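Here is how the chains run, residue by residue.
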Amino acid sequence: MANEPRYHPGADMQGFVNELMEFVDLNETDVATIRRTAPVILRHEQDITTALYEHFLKFPATARFFLREDGTPDEQRLARRKHSLGRWLRETAEVAMTHDFVYYLLAVSLSHSHRAVGPEGKVPPQFMVAAMSIAQTAFARLFEAECTDVQEAFEASLAWNKLLLLHLNVLLLGYWLPPRRA
Ligand code: HEM
């Protein structure tokens, strides 16, 4: 098809990310805003990660990734997932789109789209999008509650939204690849 990319963006992750940053105008002012307002998010890391996984546990479609065979929450797995999410959050706040970081994001994508372990299979992509929506909402509420003024909260929400959706674009890349053969 004419619109098909000639190669997978994984071959040039920095090119992929830079093109999108330019497209959405994620500029130096946004980067400075994100770094300046990061403490508002990071001081709530525990609350954010806990709330997200509690939310996942409320819905069968997402809870199934975090349950034991007897249907009870797998606390060990949940603790590992919260830890990984916390790392992602801290690194996101730095906005360092280095070679290593963009390939780390691609690896995170693959661990959802091409899960090698667990009977549940891949995480459905619509829940990746939905999870980012939840993150955006939670962050905007925190900025509204804790930024020094309304303008700062507004700019913080705009800048973080651009960044989170850029991440989401990378997190969806794994789904472009054909499924792993059994
Ligand atoms: C905002 C969206 C999300 C982010 C930023 C995120 C972040 C992460 C990170 C950083 C890891 C660790 C990856 C690794 O170490 O390779 C991970 C793993 C995992 N995540 Fe997510 N996640 C998101 C959405 C979801 C959703 C919606 C689900 C399912 C409902 C989910 C289920 C999992 C599972 C099951 C693993 C373990 C994968 C494996 O078996 O290795 N994640 N996630």
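Let me sum up the structure you'll find in this document. These numbers come from a predicted model, not from an experiment.

### Describing the overall build of the protein chain
Phase 1: For the protein chain, the count of helices and strands is eight helices and zero strands.
Phase 2: N-terminal to C-terminal, the α/β element order of the protein chain is α-α-α-α-α-α-α-α.
Phase 3: For a compact globule of 182 residues, the expected C-alpha radius of gyration is about 16 Å, and the protein chain comes in at 17 Å, within 12% of that figure.
Phase 4: Considered along the principal axes of its C-alpha atoms, the protein chain spans approximately 50 × 45 × 25 Å.
Phase 5: Buried residues in the protein chain amount to 21% of all 182 residues.
Phase 6: Taking the intrachain contacts of the protein chain between residues at least 6 apart in sequence as the baseline, contacts between residues at least 24 apart amount to 76%.

### Focus on the site of the ligand
Phase 1: Around the ligand sit 20 residues in total, of which Thr-62, Ser-84, Ser-111, Phe-127 and Ala-131 are the nearest.
Phase 2: Of all the secondary structure elements, the ones that give two or more residues to the shell around the ligand are α5 (75-94), α6 (99-113) and α7 (125-146).
Phase 3: Of all the elements, α7 adds the most residues to the shell around the ligand, at five residues.
Phase 4: A class-by-class count of the residues in the shell around the ligand yields 13 nonpolar, five polar and two charged.

### What about the environment of Leu-89?
Phase 1: With respect to the helices and strands, the residue Leu-89 is situated in helix α5.
Phase 2: Owing to 18 C-beta atoms within 10 Å, Leu-89 belongs among the partly exposed residues under this scheme.
Phase 3: Residues Leu-89 and Thr-33 lie 56 residues apart in sequence; the distance between their C-alpha atoms is 16 Å.
Phase 4: Setting aside its immediate chain neighbours within four residues, Leu-89 contacts Ile-41, Leu-42, Glu-45 and Ile-48.

### Some points on the nonpolar core
Phase 1: Counting 23 residues, the largest nonpolar core has Val-17, Val-102, Phe-139, Phe-143, Trp-160, Leu-163 and Val-170 as its most contacted members.
Phase 2: If you list the elements that add at least two residues to this core, you get α1 (13-23), α2 (28-42), α6, α7 and α8 (150-171).
Phase 3: With eight residues, the top contributor of residues to this core is α8.
Phase 4: Excluding residues within four positions of it along the chain, Trp-160 makes contact with Ile-34 and Phe-139.

### A look at α8
Phase 1: Between its terminal C-alpha atoms α8 stretches 31 Å, which fits the 32 Å expected from 22 residues at 1.5 Å a residue.
Phase 2: If you check which residues of α8 are buried, you get Ala-153, Glu-155, Ala-156, Ser-157, Ala-159, Trp-160, Lys-162, Leu-163, Leu-166, Val-170 and Leu-171.
Phase 3: The inward-facing, buried residues of α8 abut α1, α2, α5, α6 and α7.

### Comments concerning the packing of α2 against α5
Phase 1: Two elements in contact, α2 and α5, have axes separated by 8 Å at closest approach and are oriented at 160°. Accordingly, the angle class assigned to the pair α2 and α5 is roughly antiparallel. Facing Ile-34, Ala-38, Ile-41 and Leu-42 of α2, the residues of α5 in contact are Leu-89, Arg-90 and Ala-93.
Phase 2: Class assignment for the residues of the contact of α2 with α5 results in six nonpolar, no polar and one charged.

### Quick word on the packing of α1 against α6
Phase 1: Contact pair α1 / α6: the axes reach a minimum separation of 9 Å and the direction vectors enclose 90°. In this view, α1 runs roughly perpendicular relative to α6, as classed from their interaxial angle. Contact with α1, carried on its side by Met-13, Gln-14 and Val-17, involves His-99, Val-102, Tyr-103 and Leu-106 of α6 and no other residues of that element.
Phase 2: Residues that form the contact of α1 with α6 fall into these classes: five nonpolar, two polar and no charged.

Conventions used here
Residues numbered from 1 in each chain as written. Predicted model: local features only at pLDDT ≥ 70, side-chain atom pairs only at ≥ 80, totals over all residues. Helix = DSSP H or I, 4+ residues; strand = E, 2+ residues; numbered from the N terminus. Rg over C-alpha atoms; globule rule 2.2 N^0.38 Å. Buried ≥ 20, exposed ≤ 12 C-beta atoms within 10 Å, placed from the backbone. Contact = placed C-beta atoms within 7 Å. Near = placed C-beta within 6 Å. Nonpolar A, V, L, I, M, F, W, Y, C, P; charged D, E, K, R; others polar. Core = buried A, V, L, I, M, F, W, Y, C linked by C-beta atoms within 7 Å. Expected span 1.5 Å × (residues − 1). Axes fitted to C-alpha atoms, helices over the stretch in contact; angles between N-to-C directions. Parallel < 35°, antiparallel > 145°, perpendicular 65-115°, else oblique.

The analysis is restricted to geometry; functional conclusions fall outside its scope.
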